[in-house]
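Geometric and topological summary
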Amino acid sequence: MRKYDILLCDADDTLLDFALCEKTAVAALLSEFGVKADDALLSSYSEHNDRLWKMLERGEITMQELIFLRFREFFKLHGIKGDGDRAAVRYREILSKYAFTTDGAKELLDRCKGKVRVYVISNGKAEVQISRFKLAGITDNTDGLFISELLGTKKPDTDFFVKAASSISDFSKERALVYGDSLTADIAGGIAFGVDTCWYNPHGKANENGPVPKYEIRTHKELYPILHI
Ligand SMILES: [Mg+2]
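Residues numbered from 1 in each chain as written. Predicted model: local features only at pLDDT ≥ 70, side-chain atom pairs only at ≥ 80, totals over all residues.

1. Points about the nonpolar core
Quick note on the threshold: Note on definitions: a nonpolar core is a set of buried residues drawn from Ala, Val, Leu, Ile, Met, Phe, Trp, Tyr and Cys, linked by C-beta atoms within 7 Å. Here a residue counts as buried when 20 or more other C-beta atoms sit within 10 Å of its C-beta, as exposed when there are 12 or fewer, and as partly exposed otherwise, the C-beta atoms being derived from the backbone. Where helices and strands are cited, they refer to DSSP runs of H or I of at least four residues and of E of at least two residues respectively, numbered from the N terminus. For the domain bounds, the source is a domain assignment made automatically or taken from a database. The contact rule is simple: place each C-beta atom from the backbone, and if two of them lie within 7 Å, those residues are in contact.
Judged by nonpolar contacts, the single largest core of 55 residues is most densely connected at L7, L8, C9, L177 and Y179. The leading source of residues in this core is helix 1 (residues 18-32), at 6 residues. Two domains each put at least three residues into this core: domain 1 (6-16 + 102-227) and domain 2 (18-95). With sequence-adjacent residues up to four places away left out, Y179 is seen in contact with L7, L8, C9, D10, T14, C198, Y200 and L223.

2. A look at helix 6 (residues 126-135)
Residues spaced three or four apart along an α-helix point in a common direction, a consequence of the helix completing one turn every 3.6 residues. Heads up, the rule is: Throughout, the arc means that of the directions going from the helix axis to the C-beta atoms.
Turning to helix 6, its buried residues number three or more, namely V128, Q129, R132 and F133. The arc enclosing the buried residues of helix 6, seen along the axis, measures out at 120°, which places them on a common side. Considering only its buried residues, helix 6 is in contact with helix 4 (84-95), strand 2 (117-122) and strand 3 (144-147). Backbone geometry just after helix 6 places G137 at a positive phi near 80°.

3. Here's the deal with the pairing of strand 4 (residues 176-180)
Here is the rule: In this analysis, strands are considered paired if DSSP registers two or more bridges between them.
Of all 5 residues in strand 4, 5 are buried; the element is thus mostly enclosed. What you see with strand 4 is no split at all: A176, V178 and G180 on one side and L177 and Y179 on the other are buried throughout. Note that strand 1 (residues 6-10) and strand 4 share 4 bridges and pair parallel. For L7, the partnering residue across the bridge sits in strand 4 and is L177. Inspection of the sheet shows strand 4 paired to strand 5 (residues 196-200) by 4 bridges, in the parallel sense.

Any functional reading would require information beyond the geometric quantities listed.
Right, here's the structure in full:
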């Protein structure tokens, strides 16, 4: 007997290898500014960007502030000459072109077909995400996309999940599962909304004082028995 037939599935670092997309896009951007990026510089950007995303999740800054702050501050931090705001615009154009998927993501979507409806839940800029989802084959292989910018609210806010659910026909909290890599956005949001959650934790990160998901898995394949697919 299948318990879940609606999967609310995160995109970045769940279906898409965001770390790789980001690294590739930042390196391409920096080369346009005459900077050859090494691993240390790329890691520094990633940490800086993560910190801003956490601030966004906590409601301390807006998406617009995140988009512009990240390059202004990053350029300043590393003494990179160039217009941070122009870099922010250009970065989104470049990032739109990168959509590497994680191991087993395509197979997971294939397995779900006709058995479990899959809806993507993503925090991000609509233009960038829609382009990347299309490139990755996610758009054609899922039942709907919910993107924070279009919903006017973001994960982990309950309102995000309420709005997404209201657009899903025959939605039921009991039959839905939230699946994603972020404890603060996906798992916390899913729990607050009142649905079961599954934490995709490919690197076996420790959960220190985070919300406790119902399931925790390291590969997409481990979702098969949970979904009975
Ligand atoms: Mg994610």
